[in-house]
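Fold and contact review
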Amino acid sequence: MEGNKRTLRERCALRKDIIKEFLAEFLGTFVLILFGCGSVAQTVLSRGALGEPLTIHIGFTLGVMLAVYVAGGVSGGHVNPAVSLAMVVVGKLPLRKLPIYIAAQLLGAFAGSCAVFGLYYDAFMDYTNGVFSVTGENATANIFASYPSKHLSVLNGFVDQVMGTAALVLCILAITDGRNLGAPKGLEPLVVGLSIMAIGVSMGLNCGYPINPARDLGPRLFTALAGWGVEVFSAGNCWWWIPVAGPLVGGVVGATVYFLLIELHHPEPQTHAQDHNDVKDKYEIVTMT
């Protein structure tokens, strides 16, 4: 058995890192949408009997956590174009890889939407009687993508997305900063997931905290093709571009703020020789006392 696995690995294992990273981001984003949008679908299609806002927050929290566990060791587990762009800004991702990451994330989100729709196909038919609505009492497009609350203006919506994504990226950089407190090794995905929970319970009123262009645009493209039509792009005063552009701006803002206020001021790591001298001095002080 072990020999067969070794042979299969030798024949099929990918050699190019960028392809491995593409597949990791694809699968990670798929997992995020499967659990995140799946939790929304269960809540909406059961008419609240099997879900509520808190279960949706938990679904997205666990979805992000598990997505990062799936992809983190291969690609970093960005599963979000805004995070990938922020990593480019701080020099942790080469610019040439950015289009590959974004393409993988969009495709993964689209595929995750297909999976959620397939999983709940009969429930969709029962809930809608085969009529897929974007707005109104029986709207179901909001299972997959965000739409603004009635009180929300375009400007306030854009600010909402910038602030929410900036908070997310700032937290991610703090969690993964080895020269800050950080998170224990292997628990980084859990703490990133808890950051999503914090954003969800504090910044979800306006539009449901999409804060991820792939998480919003990929499923929105799916709904446009699956029966909801082009209204998914015109609804909410053409809302669709705000959860795409806003998070990209917010990612850059969050990365810049963390760099200027925290990372820039970390002390330079001491050289090995200096460390050796410090240990020697401490030893001499101990022996003298």
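Located above this text is the structure these notes cover.
These numbers come from a predicted model, not from an experiment. (Residues numbered from 1 in each chain as written. Predicted model: local features only at pLDDT ≥ 70, side-chain atom pairs only at ≥ 80, totals over all residues. Heavy atoms only, no water.)

Points about a nonpolar patch on the surface
As a reminder, the rule being used: The patches described consist of residues with a relative accessible area above 30% and no salt bridge, like charges being joined within 9 Å and nonpolar side chains (Val, Leu, Ile, Met, Phe, Trp, Tyr) within 5 Å. Only the protein chains shown count as cover for residues, and all accessible areas are computed by the Shrake-Rupley method using a 1.4 Å probe. What counts as a salt bridge is simple: a side-chain nitrogen of Lys or Arg found within 4 Å of a carboxyl oxygen of Asp or Glu. Strands here mean DSSP runs of E at least two residues long; helices mean DSSP runs of H or I at least four residues long; both are numbered from the N terminus. Between buried and exposed lies partly exposed: a residue is buried under 20% and exposed over 50% of the maximum accessible area for its type, with that area taken using a 1.4 Å probe on protein chains only.
Together, Phe35, Leu54, Ile58, Leu62, Leu66, Tyr69, Leu187, Leu190 and Leu194 line one region of the surface with nonpolar side chains, adding up to about 750 Å² of accessible area. Contributions of two or more residues to the nonpolar patch are made by helix H3 (53–75) and helix H8 (188–203). At five residues, the largest contribution of residues to the nonpolar patch is made by H3. Within the secondary structure, Ile58 sits in helix H3. The class of Ile58 is partly exposed, set by a relative accessible area of 35%.

Focus: the packing of aromatic side chains
Quick reminder of the rule: Stacked, tilted and edge-to-face are the three classes assigned to paired rings of Phe, Tyr and Trp, where Trp is represented by its six-membered ring and a pair needs centres within 6.5 Å; plane angles under 30 degrees give stacked, over 60 edge-to-face, the rest tilted.
Evaluation of the coordinates by the stated rule reveals 15 aromatic pairs. Residues Phe124 and Phe144 carry aromatic rings whose centres are separated by 5.8 Å and whose planes lie at 10° to one another, so their mutual orientation is stacked. Placement of the pair is Phe124 in helix H6 (residues 121–128) and Phe144 in the loop between H6 and helix H7 (154–175), with a sequence separation of 20 residues. Here the two residues Phe124 and Phe144 agree in accessibility, since each one is buried. Where Phe158 meets Trp241, the ring centres are 6.0 Å apart and the plane angle is 35°; that geometry is what we call tilted. Of this pair, Phe158 sits in helix H7 while Trp241 is found in the loop between helix H10 (231–238) and helix H11 (242–261), placing the two residues 83 residues apart along the sequence. On the accessibility criterion, Phe158 (22% relative accessible area) is partly exposed.

Some thoughts on the nonpolar core
Going by this rule: Take the buried residues of types Ala, Val, Leu, Ile, Met, Phe, Trp, Tyr and Cys, join any two whose side-chain atoms come within 4.5 Å, and each joined set is a nonpolar core. Any two residues having at least one pair of non-hydrogen atoms within 4.5 Å are treated as being in contact.
If you look at the biggest cluster of nonpolar residues, it comprises 49 residues, and the most contacted ones within it are Phe60, Phe124, Ile143, Phe144 and Trp228. Among the elements that take part in this core, helix H2 (residues 17–45) stands out by supplying seven residues, more than any other. Sequence-distant contacts of Trp228, that is, excluding residues within four places in its chain, are made with Phe117, Phe124, Phe132, Ser133, Val134, Thr140, Ala141, Phe144, Phe222 and Thr223.

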